[in-house]
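Next come the chains, spelled out residue by residue.
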Amino acid sequence: MDARLPALRGGSLLRKAFPDHWSFLLGELALYSLLVLILTGVWLTLFFQPEMREVVYAGPYAPLRGVRMSAAFDSTLHISFDVRGGLLMRQTHHWAALVFLAAIGVHLLRIFFTGAFRRPRELNWAVGLTLFVLSLAEGFAGYSLPDDLLSGTGLRIAQGIMLSIPVVGTYVAFFVFGGAYPAHDIVTRLYPVHVLLLPGALLALVAVHLMLVVHLKHTQWRGPGRTQANAVGKPFFPQFTASSGGLAVAVTGLLVLLSGLAQVNPVWNYGPYRPDQASTGSQPDWYVGFLEGALRLVPPWETNLAGHTLMWNVLLPAVVLPGALFAVLYAYPFVEQRLTGEGRTERHLCDRPRERPVRTGLGVAGTVFYGVLLLAGGNDIVAQTFRISVNGLTWVLRIALIVAPVLAFLLTRWLCRALTAAETERLAEGVPTGEIRQSVTGGYESGREPVAAFRPGAPRRALTGARTGTPSRTPHAPERPDR
């Protein structure tokens, strides 16, 4: 193999070390979900018809028999009820999309909280964020293709967002939809975007991301024998390939099992899309739920300027907010390194979140901000379930959107500092043994022994002044922790 593949010459790639901690498998979880998406998506393209022409349904689902609908929705019903295994493949595709986006999101959180975005990995952080943005667009495009009442409601919201863009909004909406809403070209145009353009871009970025990972090497938790200049873990072949292959099989099996047991997106319950109808309690998939929540929380603000109406209640939450959010995320590695002075040195060891209280606090605050918006996206369902006023809940969520992230930041920063102080005291004084003895002066003291068990990345330094009641074991080799 080495002789036939110049990239493997010398066995450098085959013997490349990959960390074996579970937190490093989140990226692989996203990768294997993407592979399931591609396989099931290719199968679905054999039966789906991306057309808006009107047909009369004559399939086996009796409640919709004789109803006029688009050919896209008719083919979706055909896949679900007529094609052998079609419903399983549809649901596997949908569940894989949800897991794919969730895995990318959690993977990005792991990168953020451990500081793995620092030099020399700033470009890879930007590539990962771009992958997430494209995945959001890809998920929304696929979600809209069946042309059911729920996805049509989402497209109507998307068209309203386009119209809110000052000056060019009308032209953008006409270009995308091919005419006045609902037009007849949107599904036909979304189809190549969903099956060709965005998947091609995703695969290209995944390839770039993996090449950068191989070139820059993995980050790793601090520990004995691990330095800024090496990488400790499983060799790529055969240990890592075996465990990673097992993960791929497990992910595929669990997705298929989940698809067979848990129903998702039952489009036949919603019916075909009609512009004069809206599905009650319509909720988008979770990855765009925060935009729905933002739209529901912003008051109906409008401004008339020189004959033009600026719809702030749509422009701010659906255009400005996500744009500002991702701009901050793209810029964060450079801003943090500038403020901390770490931009001139390479960082290959992961931070523990408690050691970076400000960064961890910001991350938790951002997560809480997102959670409030996601909850607001279903405020009508929450109000109906708990029988409370939807207007009162909306005001509570508006206040929480401002107050809750600030409280989360302060609480998280305090907790990180408290955990670090407790750990420092534990390392300095040792671990209580449970033995209590009386001193010659009549006082009592507990026996202690040096710390012998360490979590990944925990500081390991020689203990001085630890009171020991029993002979202690020799601690691990001391190592200076990061700042």
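Residues numbered from 1 in each chain as written. Predicted model: local features only at pLDDT ≥ 70, side-chain atom pairs only at ≥ 80, totals over all residues. Heavy atoms only, no water.

Looking at an unreviewed UniProt entry, the chain carries the name Cytochrome bc1 complex cytochrome b subunit, with the source organism given as Streptomyces alanosinicus. What the UniProt record of the chain gives under Catalytic activity (unreviewed entry) is the line "a quinol + 2 Fe(III)-[cytochrome c](out) = a quinone + 2 Fe(II)-[cytochrome c](out) + 2 H(+)(out)". UniProt, in the comment section headed Subcellular location (unreviewed entry), describes the chain in these words: "Cell membrane". (UniProt positions renumbered as here; feature names shortened; annotations may be inferred.)

A. The overall build of the chain, seen in detail. Counting secondary structure elements, the chain contains 14 helices and eight strands. Looking at the chain as a whole, 44% of its 483 residues are labelled buried. Within the chain, residue pairs in contact and separated by at least 24 positions form 71% of the contacts whose partners lie at least 6 positions apart. Accessible area of the chain: about 25,300 Å², with a carbon and sulfur share of 67%. Within the chain, the 30 negative side-chain charges are centred at a point lying 7 Å from the centre of the 42 positive side-chain charges. (Helix = DSSP H or I, 4+ residues; strand = E, 2+ residues; numbered from the N terminus. Buried < 20%, exposed > 50% of the residue type's maximum accessible area, 1.4 Å probe, protein only. Contact = heavy atoms within 4.5 Å. Areas by Shrake-Rupley, 256 points an atom, 1.4 Å probe, with all protein chains shown as cover. Lys, Arg positive; Asp, Glu negative; His and termini not counted. Charge placed at Lys NZ, Arg CZ, Asp CG, Glu CD.)

B. Region of the structure containing the side chain of S244. Relative to the helices and strands, S244 resides in helix 8 (residues 236-261). At 2.2 Å, the side chain of S244 and the side chain of Y32 are in polar contact. With residues up to four places along the chain from it excluded, the contact list for S244 reads E28 and Y32. (Polar contact = N/O pair within 3.5 Å; in protein donor to acceptor, adjacent residues only side chain to side chain.)

C. The arrangement of the nonpolar core in detail. Formed by 42 residues in total, the largest nonpolar core has its most connected members in W125, F132 and Y287. For this core, the secondary-structure elements that each account for two or more residues are helix 1 (26-45), helix 3 (86-114), helix 4 (122-144), helix 7 (186-216), helix 8 and helix 11 (312-340). Of all the elements, helix 3 adds the most residues to this core, at 12 residues. Discounting residues that sit within four places of it in the chain, Y287 has contacts with L98, L101, L136, G139, F140, Y143 and Y370. (Core = buried A, V, L, I, M, F, W, Y, C linked by side-chain atoms within 4.5 Å.)

D. Geometry of helix 14 (residues 390-429). An ideal rise of 1.5 Å per residue puts 58 Å on 40 residues; helix 14 measures up with 54 Å between its terminal C-alpha atoms. At A400, helix 14 is deflected by roughly 40°, the largest bend along its length. Of the residues making up helix 14, those classed as buried are L393, T394, L397, R398, L401, P405, A408, F409, T412, C416, E423 and L427. Contact partners of the buried residues in helix 14: helix 10 (289-297), helix 12 (357-376) and helix 13 (379-386). Residue S389 occupies the N-cap position of helix 14, its side-chain oxygen lying 3.3 Å from the main-chain nitrogen of N391. (Expected span 1.5 Å × (residues − 1). Bend = angle between axes of the 7 residues up to and from the residue.)

E. Geometry of the pairing of strand 8 (residues 444-449). Pairing analysis gives five bridges linking strand 7 (residues 431-438) to strand 8, with the strands arranged antiparallel. By the bridge assignment, Q438 is partnered in strand 8 with Y444. If you look at the hairpin formed by strand 7 and strand 8, you'll find five residues sitting between the two strands, and G442 has a positive phi there, around 95°. (Pairing = 2+ DSSP bridges.)

F. Geometry of helix 3. The end-to-end C-alpha distance of helix 3, which contains 29 residues, comes to 42 Å, matching closely the 42 Å that a straight helix rising 1.5 Å per residue would cover. Count one or two residues on from helix 3 and you reach G115, which has phi positive near 70°.

G. Main features of a nonpolar patch on the surface. On the surface, I399, I402, V403, V406, L407 and L410 cluster together to form a nonpolar patch covering roughly 560 Å² of accessible area. Its location among the elements puts V406 in helix 14. (Patch = residues over 30% accessible without salt bridge, like charges linked within 9 Å, V, L, I, M, F, W, Y side chains within 5 Å. Salt bridge = Lys/Arg side-chain N within 4 Å of Asp/Glu carboxyl O.)

H. Just the pairing of strand 6 (residues 308-311), in detail. Pairing geometry for strand 5 (residues 302-305) and strand 6, over four bridges, is antiparallel. When the bridges of strand 6 are listed, E302 appears paired with M311. What sits between the antiparallel neighbours strand 5 and strand 6 is a turn of two residues, in which A306 has the positive phi angle 55°.

I. Here's a closer look at the packing of aromatic side chains. In this structure the tally under the stated criterion is 17 aromatic pairs. Ring centres of F177 and Y181 lie 5.5 Å apart, and the angle between their planes is 70°; this geometry places the pair in the edge-to-face category. By relative accessible area, which is 2% here, F177 ends up buried. Measuring from ring centre to ring centre gives 5.7 Å for F290 and Y370, while their planes differ by 45°; the resulting arrangement is tilted. Note that F290 is positioned in helix 10 and Y370 in helix 12, a separation of 80 residues in sequence. The class of Y370 is partly exposed, set by a relative accessible area of 25%. These aromatic residues form a ring-pair network of at least three members: F112, F113, F117, W125 and Y332. Note that R156 overlies the ring of Y181, its terminal NZ or CZ placed 4.9 Å from the centroid. A cation over an aromatic ring shows up here: R398 above the ring of W395, its NZ or CZ 4.6 Å from the ring centre. (Phe/Tyr/Trp six-rings, centres within 6.5 Å; stacked < 30°, edge-to-face > 60°. Lys NZ or Arg CZ within 6 Å of the ring centre and 35° of its normal.)

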